[in-house]
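Overview (structure and organization)
So you can see what is in the structure, the chains are spelled out below.
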Amino acid sequence: PSSFLAKLVVPRYRHEILEIANSSVDLGDRHVIQKKNRANAGKLTKKKLSRKEIKELGLYTLPHDTITYRDGLKLHRMWLGYYDTFFPSGECPDVTEARYTTIVASLLKADYHGAKIHIVRSKQPSVVGMKGIVVLDTKGTFKMISKDNKLRTIPKNDSQFEVFLQDKVITIFGKHLNARPAERSVKKMKTFAFPDL
């Protein structure tokens, strides 16, 4: 057989391949219409979901009973590698140094999914003293998992947080983090602003 495909098939089945190769099928007009529809489907723009639709679908909600502190620790280990990039020399610069301002600006733009935090001060006294790992960073809240495997919602505004690294503790005011992480990363930050807490 002259067909390339037929040469690859076991000799006793070659005649079936040759029969398929020699036969033709008439698809008619229906195939042409489907082909045109497929071509037009690629040109249609994809519609993004609005924030209201995302909320209604529950895409950013976390189930309270499935996340454990052990899962949060895995996220925290990954986050430590990310956060170490802000301190390349290993030590924190002094306030009088020039690179202090750039590090503060990058800390305010950072992503806090996986950070170990402690709420030092807040206008909501019930959350003061709580510790945990951030599993969801939204515009106005941190959702954190504590050692007792409870998922808690902490308001950012009017709160002061301590963020724990291996040997460092960094104090951050929630008022500076009051934006969605994606928006915060591209926003120009004022490093001299002091919150009224």
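Sequence order as written defines the numbering, with residues in each chain counted from 1. Local features in a predicted model are, by the rule used here, given only for residues with pLDDT of at least 70; side-chain atom pairs are given and counted only at 80 or more, and totals for whole chains, interfaces and linings are based on all residues. Derived side-chain values reflect all non-hydrogen atoms in the structure, with water molecules and hydrogen atoms excluded from consideration.

Right, let's get into the environment of Thr-68. Only DSSP runs of H or I covering at least 4 residues are called helices, and only runs of E covering at least 2 are called strands; the numbering of each starts at the N terminus. Turning to its location among the elements, Thr-68 is positioned in the loop between α4 (51-57) and α5 (69-83). Burial classes follow relative accessibility: with a 1.4 Å probe on protein chains only, a residue under 20% of its type's maximum area counts as buried, one over 50% as exposed, and anything between as partly exposed. Taking the relative accessible area as the measure of exposure, Thr-68 reaches 26% and is therefore partly exposed. Taking the C-alpha atoms as reference points, Thr-68 and Lys-150, 82 residues apart in sequence, are found 7.7 Å from one another.

So, on to the sheet that holds strand β5 (residues 159-164). Strand order across the open sheet formed by six strands is β4-β3-β2-β1-β5-β6, with antiparallel pairing between neighbours. Whereas interior strands pair on both sides, the edge strands pair on one side only; in this sheet they are β4 (151-155) and β6 (169-173). Neighbour-to-neighbour, the strand axes of this sheet turn through a mean angle of 45 degrees, independent of strand direction. Where strand β2 (residues 131-137) lies against strand β3 (residues 141-145), four bridges are found, and the strand directions are antiparallel. Within β3, the residue paired with Leu-136 across the bridge is Lys-143. Against the sheet, α5 engages β1 (116-122), β2, β3, β5 and β6, with an angle of about 80 degrees to β2. Any two strands with at least two DSSP-identified bridges between them are counted as paired. To get an axis, fit a line to the C-alpha atoms, keeping to the stretch in contact for a helix; angles then go from 0 to 180 degrees between the N-to-C directions. Contact definition: two residues touch when any of their heavy atoms are within 4.5 Å.

One broad rule of soluble globular proteins: the nonpolar side chains tend to lie buried together. Nine residue types can take part in a nonpolar core, namely buried Ala, Val, Leu, Ile, Met, Phe, Trp, Tyr and Cys, and a core is a set of them joined through side-chain atoms within 4.5 Å. Core analysis: the largest hydrophobic core is formed by 25 residues, its most contacted members being Tyr-83 and Tyr-112. Secondary-structure elements contributing two or more residues to this core are α5, α6 (99-109), β1, β3, β5 and β6. The element contributing the most residues to this core is α6, with four residues. Here Tyr-112 is in contact with Trp-79, Tyr-83, Leu-107, Val-134, Asp-137, Phe-142, Val-163, Ile-172, Leu-177 and Arg-184, once residues within four sequence places are set aside. Counting residues in each nonpolar core, the second largest holds six residues, with Tyr-69, Val-135, Ile-145 and Leu-151 among its members.

What follows concerns the pairing of β1. Pairing between β1 and β2: three bridges, direction antiparallel. Across the sheet, Ile-117 pairs through a bridge with Gly-132, a residue of β2. Two strands pair when backbone bridges link them, and β1 and β5 are joined in this way by six bridges, in the antiparallel orientation. The partner of Arg-121 across the bridge, within β5, is Gln-160.

For α5, built from 15 residues, the straight-helix expectation of 21 Å at 1.5 Å per residue is met to within 8% by its first-to-last C-alpha distance of 20 Å. Of all the positions in α5, only Tyr-69, Gly-72, His-76, Trp-79, Leu-80 and Tyr-83 are classed as buried. All buried residues of α5 fall inside an arc of 110 degrees around its axis, so they share one side. Exposed and facing more than 90 degrees away from the buried side of α5 are Arg-70, Arg-77 and Met-78. As for α5, its buried residues are in contact with α6, β1, β2, β3, β5 and β6. A helix's residues, less one, multiplied by 1.5 Å, set its expected span. Directions are taken from the helix axis to each C-beta atom, and the arc is the one they span.

All right, on to the packing of aromatic side chains then. Here the aromatic set is Phe, Tyr and Trp, taking the six-membered ring for Trp, and pairing holds for ring centres within 6.5 Å; pairs whose planes are under 30 degrees apart are stacked, those over 60 apart are edge-to-face, and all others are tilted. Counted according to the given criterion, the structure contains four aromatic pairs. Here the aromatic rings of Phe-142 and Phe-161 are separated by 5.2 Å at their centres, their planes lie at 75 degrees, and the arrangement is edge-to-face. One end of the pair, Phe-142, is in strand β3; the other, Phe-161, is in strand β5, and 19 residues separate them in sequence. Accessibility assignment for this pair places Phe-142 and Phe-161 in one class, buried. Ring pairs connect the aromatic residues Trp-79, Tyr-83, Tyr-112, Phe-142 and Phe-161, which therefore count as one cluster. Should the NZ of a Lys or the CZ of an Arg lie within 6 Å of a ring centre and within 35 degrees of the ring normal, that charge is described as sitting over the ring. Here Lys-156 stacks its cationic end above the ring of Phe-142, 5.0 Å away from the centre of that ring.

If you check the backbone angles, Asn-149 has positive phi at about 60 degrees while not being a glycine. Examined against the element boundaries, Asn-149 turns out to sit in the loop between β3 and β4.

Turning our eyes to something else, we now look at the pairing of β4. Alignment of β3 against β4, held across five bridges, turns out to be antiparallel. The residue of β4 that forms the bridge with Lys-143 is Thr-153.

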